[in-house]
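Take a look at the letters that make up each chain.
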Amino acid sequence: MGESNKATTPSNAGKSMDAIVALCKRRGFIFQSSEIYGGINGFWDYGPLGVELKRNLKDAWWHDVVRCPPDGPDGQPIDMVGLDSSIIMNPKVWVASGHVGGFNDPMQTCHQCKKLLRADHVLDLLWESKWLMSLAEYLDGLTNTDPEAQERAQSWAKKEGKKLAPGLAFVRGDAKAISLLIIELALCLPSRNKLHPNPPFCPYCGGDLTEPRQFNLMFESHAGPIKDDDNKVYLRPETAQGIFCNFRNVVDTSRVKVPFGIAQVGKAFRNEVTPRNFTFRSREFEQMEIEFFINPDSAKQWYAYWRDSRYAWWQSIGLAGENLILREHDKDELAHYAKDGAGTSDIEYKFPFTAPGFGELEGVAHRTDFDLRQHAQHSGLRDKLKYFDQDLQVQLQSQGVSKEEIAKRSKYFPHVIEPSAGADRGALALLCEAYTPDDTRPSKVYMRFHPRMAPIKAGVFPLVNKDGMPEVARKLYRELRGRFAVQYDAKQSIGKRYARMDEAGAPYCFTIDGQTLTDQTVTVRHRDTQQQERVSIDRVPAFLAEKVGSP
RNA sequence: GCGGGUGUAAUUCAGUGGUAGAAUGCCAGCUUCCCAAGCUGGACGUCGGGGGUUCGAAUCCCCCCACCCGCUCCA
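Everything numeric in this text was worked out from a predicted model, so none of it was measured.

Engineer: Mind showing me how you'd approach the sheet that holds strand β13 (residues 359-368) here?
Structural biologist: Adjacent strands of a sheet form backbone hydrogen bonds with each other and so pair up, either parallel or antiparallel. Spatially, β3-β9-β10-β16-β13-β12-β11 is the arrangement adopted by the 7 strands of the open sheet, whose pairing is mixed. The open sheet is flanked by β3 (79-82) and β11 (324-328), the only strands paired with a single partner. Geometrically, the sheet is characterised by an average inter-axis angle of 20° between neighbouring strands, direction not taken into account. Across 4 bridges, the pairing between β3 and strand β9 (residues 260-269) is parallel. Residue pairing across strands places Met80 opposite Gly261, the latter belonging to β9. Sitting on the sheet, helix α16 (residues 423-434) touches β10 (284-294), β12 (344-349), β13 and β16 (415-422), and the angle it makes with β16 is about 45°.

Engineer: Sorry if this is basic, but what is going on with the packing of helix α6 (residues 130-139) against helix α7 (residues 147-158) here?
Structural biologist: Working note: a packed helix pair is described by the angle between its axes plus the distance between those axes. Close contact between α6 and α7 brings their axes to 9 Å; oriented N to C, the two are set at 135°. In terms of orientation, α6 lies oblique with respect to α7. Relative to α7, the crossing made by α6 is right-handed. The residues of α7 that touch α6, namely those facing Trp131, Ser134, Leu135, Tyr138 and Leu139, are Ala149, Arg152, Ala153, Ser155 and Trp156. Its residues assigned to classes, the contact of α6 with α7 shows 7 nonpolar, 2 polar and 1 charged.

Engineer: It is not clear to me how helix α2 (residues 17-27) should be interpreted in this structure. Could you clarify?
Structural biologist: A turn of α-helix holds 3.6 residues, and therefore any two residues three or four places apart point the same way. Within α2 the residues assigned to the buried category are Met17, Ile20, Leu23 and Cys24. The buried residues of α2 all sit within an arc of 120° when viewed along its axis, so they share a single face. The opening residue of α2 is Ser16, an N-cap whose side-chain oxygen sits 3.3 Å from the backbone nitrogen of Asp18. Note on α2: the residue one or two positions beyond its end, Gly28, has a positive phi of about 85°.

Engineer: Is there a simple way to think about the state of the cysteines in this case?
Structural biologist: Working definition: the covalent bond between the sulfur atoms of two cysteines is a disulfide. Counted under the stated rule, the structure contains 0 disulfides. In this structure Cys24 is not part of a disulfide, and its nearest cysteine sulfur, from Cys432, lies 7.7 Å away. Judged by its relative accessible area of 1%, Cys24 falls in the buried class. Residue Cys432 is classed as buried on the basis of its relative accessible area, which comes to 1%.

Rules behind the numbers
- Residues numbered from 1 in each chain as written.
- Chains lettered and ligands numbered in written order.
- Predicted model: local features only at pLDDT ≥ 70, side-chain atom pairs only at ≥ 80, totals over all residues.
- Heavy atoms only, no water.
- Pairing = 2+ DSSP bridges.
- Helix = DSSP H or I, 4+ residues; strand = E, 2+ residues; numbered from the N terminus.
- Axes fitted to C-alpha atoms, helices over the stretch in contact; angles between N-to-C directions.
- Contact = heavy atoms within 4.5 Å.
- Parallel < 35°, antiparallel > 145°, perpendicular 65-115°, else oblique.
- Left-handed = near helix turned anticlockwise from the far one by under 90°.
- Nonpolar A, V, L, I, M, F, W, Y, C, P; charged D, E, K, R; others polar.
- Buried < 20%, exposed > 50% of the residue type's maximum accessible area, 1.4 Å probe, protein only.
- Arc of directions from axis to C-beta.
- Polar contact = N/O pair within 3.5 Å; in protein donor to acceptor, adjacent residues only side chain to side chain.
- Disulfide = S-S within 2.5 Å.

Spelled out as structure tokens, the structure:
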């Protein structure tokens, strides 16, 4: 890494990912999973400080999204409830969601240039490939039965073919190996008529492609004692489907009315081809997802509401400034389920390893009614999964709409706005944002966490470990620890203790000194400025509560 | 999955075939009335793992694993 991280924007200047990873290990934020056995690719453990950080993030999310979400567009409180669904579900769920069929894309690799390709993209790429176009030009519309076609192909192989398609069998030396298929393919180019569903030629070099192979994007296991296909189950690749599958349960039992949301925090698993960038792309990760169910007519309004309020939320916990952006997707990058929707946005953070680019923290998507319809169909429940909108019914009645029309319009599949955030990515962004090199202080670096996110809220120290100070400090510590994550430390010099708290990112330190014993005040040392002030020892809990907030 | 690089203490790193080291951190004690001060003592190593060559391997060879970079992928 090193070199690539030096030339970033001012807000990322001096932040090396290597140094952040080292600090995470040294201070107990994040460890490699199974480290004593050599680790395992794509899996990570959170240490004592890391788990506090991630828990603060998840607790803040739960509080700000489930218990007390921002008021709706009409200024009224919105309905939101929580859920905790199982990781392993009936495998039909993943057929309905499309994960079993659609996302298990067969892949092919090129024997010559080793490129990895999606089998269903090969033909399209071939039509655009330079070498095939060049060959087609040489053949100039001859028919494939024309003997001249082979001669021209041979002369092409000796000239352009050498540069454009070094991997192609007859270019590589076997001049007799001119494949009829290749010639036919080239002749088809203008009309793009498919001759072969998977022509085994690399679009980049002309090399031989392997047979299409299935990549396992979902982790599989077996429920029950017999390990056969009848018992095959999947570890969920997203928490969302647990919410959709419980849509009716929640509606029937919770007195919620559209518009309302169901929120869930939980682990998800994806067998990523290439785990990369520390915890950013892991095979086991934690999601914080909301499915917000709405009347389709209000999709635009609610999409904008969630997009903007989720962006504001990440800012509120300390990801501010130019490192955080809100990016609306272009039409062509929309997921299959969002093509007809009001839009999709990413909330993205400029990580040291993505800079000057950005990496996704949260996606806000209008998923239309795709998922509920899929489950309605696959479960056989059909219209029973529809929502009966009694408010709408009353409203339509008062407008004098016909009974038939009312029956039709007040039963529908709600549309869904899905704000889906990555807890591990969020924690990683908090770590990167907090990491602040500072050569002027003893620790050379401090973690500038937002007080609400900080794993340790405060240190409590006796200035010297005698003269009655430890007793007073311990008493304060015992008072505070019931409400806040605080640490007591009396060892070594006061400077070392401040430095340790800087690296852990504790925003405050309370120090009992000689003056405390006479006037009942303590010093508060502020992490970011290193400034001190005196407050009455009685006021310390209130001081912390005010600064740290809740939860 | 491909190519390149790296892997020695908690961290950063030195150590090119002959007794595993340094700095920082950590722990204990002394000292210390505000920023890793000082002094004394201490603990911590499967040298990424396994196999091979050798009288002898951190060092040479083979296989594997992990991390970083690039490609590819990312519903």
